[in-house]
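One-letter residues, chain by chain:
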Amino acid sequence: MAGLATTLGSGAMTNSNAEIGDAACIMAIGTSTTEAHPIIGYQVKRAVRQGSKLIVANPQEVPLVRFADLFLQIKPGSDVALLMGMARVIIEEGLHDQKYIDERCENFDQFKQSLDEYTPEFVSEITGVPREKVVEAARMYAENDPASILYCMGITQHSHGTDNVLAISNLSLITGNLGKPSAGVNPLRGQNNVQGACDMGSLPNVFTGYQKVTDDAARQKFEKAWGASLSGEPGLTHTEIFDAAYKGDIKALYLVGENPVLTEANASHSIEAMEKLEFFVVQDIFLNETAEKADVVLPATSFAEKNGTFVNTERRVQRVRKVIEPVGEARPDWLIVSSIANEMGAEGFAYNSARDIFNEMTSLTPSYAGITYERIEEEGIQWPCPAEDHPGTQILHTEKFNTPSGKGKLMPISYRPSEECCDFDFPLILTTERSLYQFHSTMTRHTEGLDELHGGERIRINPVDAEKMGIEDGDLVEVRSRRGKLQVKAQITNRSQEGVASLSFHYAECPINQLTSSALDPVAKTPETKVCAIRIEKA
């Protein structure tokens, strides 16, 4: 791919959280960092106080804009045009790092030729950003070294999300901003231990540490350790599982730590799929909306009731220690799974603790091989850490990239519009976001104090659109897409640009993913939840 195999494959930051505060320039694209990642948002604000330049590219005027030197209010789904347009300006003005490109990159000539498509006029028309602002952003990013790019699901949750990430990689590579302090490509994880789950092989095409199931040597290693025959074919992604269940190809589902009734794109389709299952098990810490549909619910423990490890967004493996005994019949996830396996007569599940599982995993995972419970007793270690005398890796790609040549490959990318488009019946775009006061879909809705701060949702509508539709602040409106409808109160605000409305997904009372599109990125299979054509009417 683009030479960022670790970043693209695992969603891992190339650099570390604390380095962000020392960047000379930060580009935050597709992320409302101070709302979704307030600790990292603090590092961004620290950098700004120290004189760093801040570029914010987002369809919404998010709170981070208050600190920005430059705000690019792009149209939803236009990220590739903006990023490739910036790359064209950088190369045309000689602001690229030719020495870095010659030494550490490949495919530059083909990449440069591909930029012919991204004329200033084309980029401005697609993004809605004036030409002079695109030029200013390109110069600001290229001339202030080191420069760091932060992104989140506003980049990935598109039918061209992989292209978006590759375009970010291109921009970082041509300016020499990979493999050095306070620079890099830094995707921000949406929940704690999402990084750890991916590291442990929760993706359908890899074992632990992103060892591919199609790699014969890797597969044989795990077969020998587990005494089992393993498939060399990648499995199904999250969205594909629900499609298969809907078609009847999957009869039973064991769901752990998910609430797809609220979080899955085109949720009505997923709900229908769950209802067609012959047997449905949910394992969670709460009886959430999805668990209510299950045949069996297995109560799991929260972080405070178990021992183990979490991995944060900067690849840091950290200890988690039990503070209280499990409440009621709740058990740690590993113990539930092991107990079921043992009852079924399976071999290889005779674990006595999370530590036993961790030790087995590190013995099979080169990037974790040097990490032990003793070494992370006081402070976590960042992978890759290949040996016990290795300090861990703060910055990825300092010497070479994880490609056959060891060089970063610059990728030509043609602009593709979003799969979901507006028309006469659905003239507005709905995009999704998060609230500072709520966390995902289940956990914080059980906390009264947070509900007092932000206990209900409103759809954010631009004043120009609201006037056209005869909608006033506080009106109850019906929001309808090609897949569903819901009712919610309106908030008239300049946070939303004209033609775009937004909702967060935290609230069961406002299940916005019954509206969103499940059109998939062809590579990552991520659904296009950030672009949804809607119409809004007074209820």
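Anything mentioned here points back to the structure above.
Trainee: Talk me through the packing of helix α4 (residues 79-92) against helix α8 (residues 131-143); I want residue IDs and the actual numbers.
Mentor: Contact pair α4 / α8: the axes reach a minimum separation of 9 Å and the direction vectors enclose 70°. When the axis of α4 is compared with that of α8, the two are roughly perpendicular. Relative to α8, the crossing made by α4 is right-handed. Mapping the contact onto sequence places Leu82, Gly85, Met86, Val89 and Ile90 in α4 and Val134, Val135, Ala137, Ala138, Tyr141 and Ala142 in α8. Residues of the contact of α4 with α8, tallied by class, amount to 10 nonpolar, 1 polar and no charged.

Trainee: Before we move on, could you go through the pairing of strand β15 (residues 458-461) and cite the residues and values that matter?
Mentor: Pairing analysis gives 4 bridges linking β15 to strand β17 (residues 485-492), with the strands arranged parallel. For arginine 458, the partnering residue across the bridge sits in β17 and is lysine 489. Pairing of β15 with strand β18 (residues 500-504) involves 2 bridges; the strand directions are antiparallel. Looking at β18, one finds that isoleucine 461 is bridged to alanine 501.

Trainee: So what's going on with the environment of phenylalanine 310? Which residues, and what values?
Mentor: Examined against the element boundaries, phenylalanine 310 turns out to sit in strand β10 (residues 308-311). Considered as a pair, phenylalanine 310 and glutamine 73 are 237 residues apart in the sequence and their alpha carbons are 35 Å apart. Residues in contact with phenylalanine 310, not counting those within four places in the same chain, are Asn192, Asn193, Phe303, Arg316, Val317, Gln318 and Val320.

Trainee: Residue-level account of unusual backbone geometry, with values.
Mentor: The omega torsion of the bond from aspartate 145 to proline 146 falls at 5°, within 30 degrees of zero and hence cis. In this structure, proline 146 sits in the loop between α8 and β5 (147-151). Cis rather than trans, the peptide bond between tryptophan 383 and proline 384 has omega equal to 0°. Within the secondary structure, proline 384 is located in the loop between β12 (381-382) and β13 (408-409). A positive phi angle, close to 70°, is found at asparagine 193, a residue other than glycine. Residue placement: asparagine 193 occurs in the loop between β6 (185-187) and α11 (194-199). Judged by relative accessible area, asparagine 193 falls into the partly exposed class, the value being 22%. Residue histidine 397 is not a glycine yet carries a positive backbone phi of 65°. Position of histidine 397 among the secondary structure elements: in the loop between β12 and β13.

Trainee: Before we move on, can you summarise the pattern of salt bridges with the specific residues and values?
Mentor: Side-chain pairing between opposite charges can occur once the charged atoms of the two side chains come close. All chains considered together, the criterion is met by 27 salt bridges. Salt-bridge contacts for glutamate 35 lead to arginine 495; the nearest nitrogen and oxygen are separated by 2.9 Å. Within this pair, whereas glutamate 35 is found in helix α2 (residues 33-36), its partner arginine 495 is found in the loop between β17 and β18, the two being separated by 460 residues in sequence. With a relative accessible area of 15%, glutamate 35 lands in the buried category. Three or more residues joined by partner-sharing salt bridges are found here, namely Glu35, Glu433, Glu457, Arg460 and Arg495.

What counts, and at which threshold
- Residues numbered from 1 in each chain as written.
- Predicted model: local features only at pLDDT ≥ 70, side-chain atom pairs only at ≥ 80, totals over all residues.
- Heavy atoms only, no water.
- Axes fitted to C-alpha atoms, helices over the stretch in contact; angles between N-to-C directions.
- Helix = DSSP H or I, 4+ residues; strand = E, 2+ residues; numbered from the N terminus.
- Parallel < 35°, antiparallel > 145°, perpendicular 65-115°, else oblique.
- Left-handed = near helix turned anticlockwise from the far one by under 90°.
- Contact = heavy atoms within 4.5 Å.
- Nonpolar A, V, L, I, M, F, W, Y, C, P; charged D, E, K, R; others polar.
- Pairing = 2+ DSSP bridges.
- Buried < 20%, exposed > 50% of the residue type's maximum accessible area, 1.4 Å probe, protein only.
- Salt bridge = Lys/Arg side-chain N within 4 Å of Asp/Glu carboxyl O.

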